[in-house]
Amino acid sequence: MINNRKIFHCLTAQQFNRPFLEEICDLADVIRKVANSKAGMEFLSSLLNHKRAMLYFVQPSTRTFLSFYSACQILGIKCAEVRDPRTSSEVKGESEEDTVRTFSSYFDLIIMRHFKANFAEKIAHMLDNTNRTVPVINAGSGKDQHPTQALLDVYTLRRSFQHRGGIDGKKIAFVGDLLRGRTNRSLALLLTLFDGVKQYFVAPPQFQIGEDILRYLEKVGVEYEVTYDLKQVLSQVDAIYMTRIQDEWDAEDGTTSEIDIEKYSIKKEDMSLLKPDAVLMHPLPRRQEISPEIDNDPRAVYWRQVRNGMWIRVALIAMIFKLDLYIHDYHIRSY
Ligand code: NCD
């Protein structure tokens with residue numbers, strides 16, 4: 001468990017505590033205000049212009065990749081990228097661990113998306129045992145975790161509920177492929193840090209939320225409901241977190257896609273079932289789970305989530321490099 005302002009690697013949702021979440025969200029709010037002016041943007045982009053980051057994204061990604069890329073640019077960090085390991089020495093038989101260790105000699109930060117669960121953790125541990133460790137950010141690891149997505153989701157929920165007592169006591173439903181979706185797994189874990197949040201898991205039987213998550217919720221005393229009936233849940237909850245079926249894993253797990261996706265999708269006419277002030281979220285990319293006709297409904301916040309993602313990543317990187325107090329100080333002096 002980290003203390004408020006102390007973060008080096010960002011690897012799993014379980015590493016955070018509540019004060020850290022509040023601090024990173026406060027910092028993201030301040031950074032957005034600072035970024036409103038040219039002078040503020042110049043200040044931000046001067047902060048880390050002596051640093052270089054490597055984006056090691058060997059699993060498909062454009063939105064998270066660009067979100068991190070933009071976050072680095074805002075802070076002045078120079079980026080290099082590996083998207084396709086076939087162009088690296090791994091084709092000469094080098095292990096991925098050696099590849100990343102080599103990169104760590106050139107860079108000050110590694111941001112990593114990988115198809116293997118725990119890979120970022122393994123790399124961080126390996127680097128910690130060398131004489132040149134660098135921070136590692138997990139930008140999505142297999143079917144397991146996506147901690148920075150969970151941070152941006154919490155940030156979005158906090159902003160959505162800021163005039164309604166915050167996230168505490170809210171009811172939140174996860175819908176879709178909850179077994180193989182890493183975003184909902186990380187967010188379910190992070191929400192355990194809030195008081196009285198009830199979680200609902202709405203999924204086809206073969207893609208229902210993992211037992212490991214349910215056992216964790218029980219251990220920390222979080223109330224939850226596992227169900228297959230979306231319509232029945234829609235009117236009860238304050239937030240709905242839709243996800244797509246992660247069928248890129250079908251070949252690996254031998255699961256088939258014989259599911260009726262309609263049952264786990266929201267159409268325009270379903271919106272009348274939602275509370276008037278509920279929020280509808282999605283980590284994106286979406287397929288047919290949310291009809292585009294819903295995009296202009298004020299309860300649809302998924303485009304806001306994208307923007308929040310970039311700012312929370314700026315805040316995260318700023319905290320890793322211990323710039324948070326400096327940014328708060330600039331903000332107080334300039335406004
Ligand atoms: C998600 C992911 O990669 O896990 N995308 C994202 O980072 N926003 C969700 C998904 O691919 O369905």
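Note that the structure is predicted; figures quoted are calculated from it, not measured.

**Topic: helix H11 (residues 302-320)**
The end-to-end C-alpha distance of H11 is 27 Å, a good match for the 27 Å that 19 residues give at a rise of 1.5 Å each. The element H11 is largely enclosed, with a buried count of 15 among its 19 residues. Downstream of H11 by one or two residues, Lys322 has phi in the positive range, about 55°.

**A word on the site of the ligand**
Taken together, Thr64, Arg113, His146, Gln149, Arg182, Thr183, Arg244, Gln246, Pro283, Leu284 and Pro285 make up all the residues around the ligand. The side chain of Thr64 places a nitrogen or oxygen atom 2.8 Å from an oxygen atom of the ligand. In the shell around the ligand, the residues fall into three nonpolar, five polar and three charged. Each of domain 1 (2-146 + 309-334) and domain 2 (148-306) gives at least three residues to the shell around the ligand.

**What to know about the sheet that holds strand E7 (residues 224-227)**
Adjacent strands of a sheet form backbone hydrogen bonds with each other and so pair up, either parallel or antiparallel. On the basis of which strands lie adjacent, the open sheet formed by five strands has the order E7-E6-E5-E8-E9 and parallel pairing. Every interior strand has two partners, whereas the edge strands, E7 and strand E9 (279-281), have only one. Ignoring which end each strand starts from, the neighbouring axes of this sheet average 15° apart. Alignment of strand E8 (residues 239-242) against E9, held across three bridges, turns out to be parallel. Bridged to Ile240 within E9 is Leu280.

**A closer look at the packing of aromatic side chains**
One pass over the full model with this rule turns up eleven aromatic pairs. With 5.9 Å between their ring centres and 25° between their planes, Phe65 and Tyr69 make a pair best called stacked. Taken together, the residues span about one helical turn, with Phe65 and Tyr69 both in helix H3 (residues 63-74) at a distance of four residues. By relative accessible area, which is 27% here, Tyr69 ends up partly exposed. Taken together, the ring pairs connect Phe174, Phe201, Tyr224 and Tyr241 into an aromatic cluster. Directly above the ring of Phe65 sits Arg83, whose terminal nitrogen or CZ lies 3.9 Å from the centroid. Of note, Arg313 hangs over the ring of Phe68, and the distance from its end group to the ring centre comes to 4.6 Å.

**Examining the packing of helix H1 (residues 18-34) against helix H6 (residues 147-160)**
A pair of packed helices is characterised by two quantities: the angle between their axes and the separation of those axes. At a minimum axis distance of 10 Å, the contact between H1 and H6 shows a crossing angle of 75°. On the basis of their axis angle, the class for H1 and H6 is roughly perpendicular. Between H1 and H6, the contacting residues are Phe20, Leu21, Glu22, Ile24, Cys25, Asp26, Ala28, Asp29 and Arg32 on the first element and Leu151, Val154, Tyr155, Arg158 and Arg159 on the second. Of the residues contributing to the contact of H1 with H6, the split by class is eight nonpolar, no polar and six charged.

**Examining the sheet that holds strand E2 (residues 78-82)**
Read across the sheet, four strands follow the order E2-E1-E3-E4 without closing on themselves; strand pairing throughout is parallel. With partners counted over all chains shown, the strands left at the sheet margins are E2 and strand E4 (136-141), one partner each. The sheet shows a mean angle of 15° between the axes of neighbouring strands, taken without regard to direction. Pairing geometry for strand E1 (residues 52-57) and strand E3 (residues 109-114), over five bridges, is parallel. Each residue of the ladder has a partner; that of Tyr56, found in E3, is Met112.

**What about the pattern of salt bridges?**
Applying the stated criterion across every chain, the model contains 29 salt bridges. Here Asp26 makes a salt bridge to Arg158, at a shortest N to O gap of 2.8 Å. One end of the pair, Asp26, is in helix H1; the other, Arg158, is in helix H6, and 132 residues separate them in sequence. Classification of Asp26 as partly exposed rests on a relative accessible area of 36%. Between Arg244 and Glu248 there is a salt bridge, and its shortest N-O distance comes to 2.8 Å. Overlapping salt bridges, with partners in common, bring together Arg18, Glu22, Asp26, Asp29, Arg158, Arg159 and Asp168 in one network.

What counts, and where the lines are drawn
- Residues numbered from 1 in each chain as written.
- Predicted model: local features only at pLDDT ≥ 70, side-chain atom pairs only at ≥ 80, totals over all residues.
- Heavy atoms only, no water.
- Helix = DSSP H or I, 4+ residues; strand = E, 2+ residues; numbered from the N terminus.
- Expected span 1.5 Å × (residues − 1).
- Buried < 20%, exposed > 50% of the residue type's maximum accessible area, 1.4 Å probe, protein only.
- Near = heavy atom within 4 Å.
- Polar contact = N/O pair within 3.5 Å; in protein donor to acceptor, adjacent residues only side chain to side chain.
- Nonpolar A, V, L, I, M, F, W, Y, C, P; charged D, E, K, R; others polar.
- Domains from an automatic or database assignment.
- Pairing = 2+ DSSP bridges.
- Axes fitted to C-alpha atoms, helices over the stretch in contact; angles between N-to-C directions.
- Phe/Tyr/Trp six-rings, centres within 6.5 Å; stacked < 30°, edge-to-face > 60°.
- Lys NZ or Arg CZ within 6 Å of the ring centre and 35° of its normal.
- Parallel < 35°, antiparallel > 145°, perpendicular 65-115°, else oblique.
- Contact = heavy atoms within 4.5 Å.
- Salt bridge = Lys/Arg side-chain N within 4 Å of Asp/Glu carboxyl O.

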